[in-house]
Amino acid sequence: MKRLAAFFLVLTITLGSVPACAEWAEGAFSMVNTAAFSERNGQRTSLDLERQSAEAIIDFQTGDRLGLTIGGTKIVLYPVSGGLAGLTWNPQGVSLLHEKDIKALNHPLLPGEVPAWGADMAWPGLGVARLVLVPLGADAYVGFLISHPQDRKVVRQMEFRRVPGPRDRPD
């Protein structure tokens with residue numbers, strides 16, 4: 001009886017320490033740009049989108065970090081303090097997702113319970129850029145790439161949707 005109680009205690013402690021990221025999807029995703037704008041002197045201009053999709057691999061790493069691999073390049077994103085509640089953005093006048101959209105897609109979680117991951121990195125042609133990923137429900141993510149080339153701000157929104165079907169099926 002003592003062994004059984006000890007087993008349940010160890011099982012409870014082990015399951016209680018599983019990182020929160022286990023509830024979010026990982027694996028192969030189709031990534032597509034869904035919105036973009038440039039802002040200079042307070043004036044926003046929508047940018048043309050590259051509608052080609054790319055394959056992205058999302059995987060979780062130790063420390064609740066998120067690995068994002070696109071075109072053979074692996075990017076490590078770190079937890080954003082406060083999750084969705086720790087982010088602010090102004091989508092007015094452009095077609096970016098609003099905070100209320102992301103909250104609705106992650107309902108019933110509160111904004112502080114919705115994780116976000118981000119990192120600053122050198123991005124070809126853009127200089128230093130900030131990439132942030134936030135889940136859109138259990139099987140998708142939205143990403144924002146924010147850069148400041150020359151004297152303007154450029155924001156690109158990407159959506160990551162799970163690739164349907166088995167990845168190893170024959171043609």
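Below: a short report on this structure. Sequence order as written defines residue numbering, which begins from 1 separately in each chain. Totals for whole chains, interfaces and linings use all residues, but because this is a predicted model, local features are given only for residues with pLDDT of at least 70 and pairs of side-chain atoms are given and counted only at 80 or more. In computing side-chain properties, one takes all heavy atoms of the structure into account and sets aside hydrogens as well as water.

Ranked by size, the top nonpolar core spans 22 residues in total, and within it Ile58, Leu77, Leu131, Leu133, Tyr141 and Phe160 carry the most contacts. Counting only elements with at least two residues in this core, the list comes to strand S1 (27–40), strand S3 (54–61), strand S4 (65–70), strand S5 (73–79), strand S6 (117–123), strand S7 (127–135), strand S8 (140–147) and strand S9 (153–162). Only buried residues count toward a nonpolar core. Its members are Ala, Val, Leu, Ile, Met, Phe, Trp, Tyr and Cys residues joined through side-chain atoms within 4.5 Å. Partly exposed residues are those whose accessible area sits between 20% and 50% of the maximum for their type, while under 20% is buried and over 50% is exposed, using a 1.4 Å probe and protein chains only. Core analysis: the next-biggest nonpolar cluster, separate from the first, contains 17 residues, Ala35, Leu87, Val94 and Ile102 among them. Each helix corresponds to a stretch of at least 4 residues labelled H or I by DSSP, and each strand to a stretch of at least 2 residues labelled E; elements are numbered beginning at the N terminus.

This part covers the side chain of glutamate 159. If you trace the backbone, glutamate 159 turns up in strand S9. Of the polar contacts made by the side chain of glutamate 159, one reaches the side chain of arginine 161; its length is 2.6 Å. Any two residues whose heavy atoms approach within 4.5 Å are treated as being in contact. Residues in contact with glutamate 159, not counting those within four places in the same chain, are Ser30, Met31, Val32, Thr34, Leu97, Leu136 and Tyr141. Think of a polar contact as two N or O atoms within 3.5 Å of one another; within protein, one of them needs to be a possible hydrogen donor and the other a possible acceptor, and neighboring residues in sequence only count if both atoms come from side chains.

When the centres of two rings from Phe, Tyr and Trp lie within 6.5 Å, Trp using its six-membered ring, the rings pair. Their planes under 30 degrees apart give stacked, over 60 give edge-to-face, and anything left gives tilted. The final tally for this structure, using the stated rule, is four aromatic pairs. Measuring from centroid to centroid gives 5.6 Å for phenylalanine 29 and tyrosine 141, while their planes differ by 70°, and the two rings are edge-to-face. With phenylalanine 29 in strand S1 and tyrosine 141 in strand S8, the pair connects residues that are 112 residues apart, well separated along the chain. Summarising the burial analysis for this pair, phenylalanine 29 and tyrosine 141 share the class buried. With centroids separated by 5.6 Å and ring planes inclined at 40°, the aromatic side chains of tryptophan 89 and phenylalanine 144 adopt a geometry described as tilted.

We now examine the layout of surface pockets. Here a cavity denotes a set of grid points, spaced 1 Å apart and computed over the protein atoms alone, in which a 1.4 Å probe fits but from which it cannot get out, and a pocket denotes an open set meeting protein on both sides within 12 Å along at least five of seven lines; residues with an atom within 4 Å of a point are reported as lining. Grid points are joined across faces, edges and corners, and a volume is the space filled by probe spheres set on the points. Approximately 400 Å³ is the volume found for the largest pocket. For the largest pocket, the lining is made up of 20 residues, of which Thr88, Trp89, Arg130, Val132 and Ile146 are closest to its centre. Counting only elements with at least two residues in the lining of the largest pocket, the list comes to S6, S7, S8 and S9. Among the elements that take part in the lining of the largest pocket, S7 stands out by supplying four residues, more than any other. For the lining of the largest pocket, the class distribution of residues is eleven nonpolar, five polar and four charged. By volume, the second largest pocket amounts to about 340 Å³. Along the wall of the second largest pocket there are 17 residues; nearest its centre are Met31, Asn33, Glu50, Trp123 and Arg156. If you list the elements that add at least two residues to the lining of the second largest pocket, you get S1 and S9. Here the lining of the second largest pocket takes five residues from S1, the largest share from any one element. Here the nonpolar group is Ala, Val, Leu, Ile, Met, Phe, Trp, Tyr, Cys and Pro; Asp, Glu, Lys and Arg are the charged ones; every other residue, Gly included, is treated as polar. Across the lining of the second largest pocket, the residue classes tally to eleven nonpolar, three polar and three charged.

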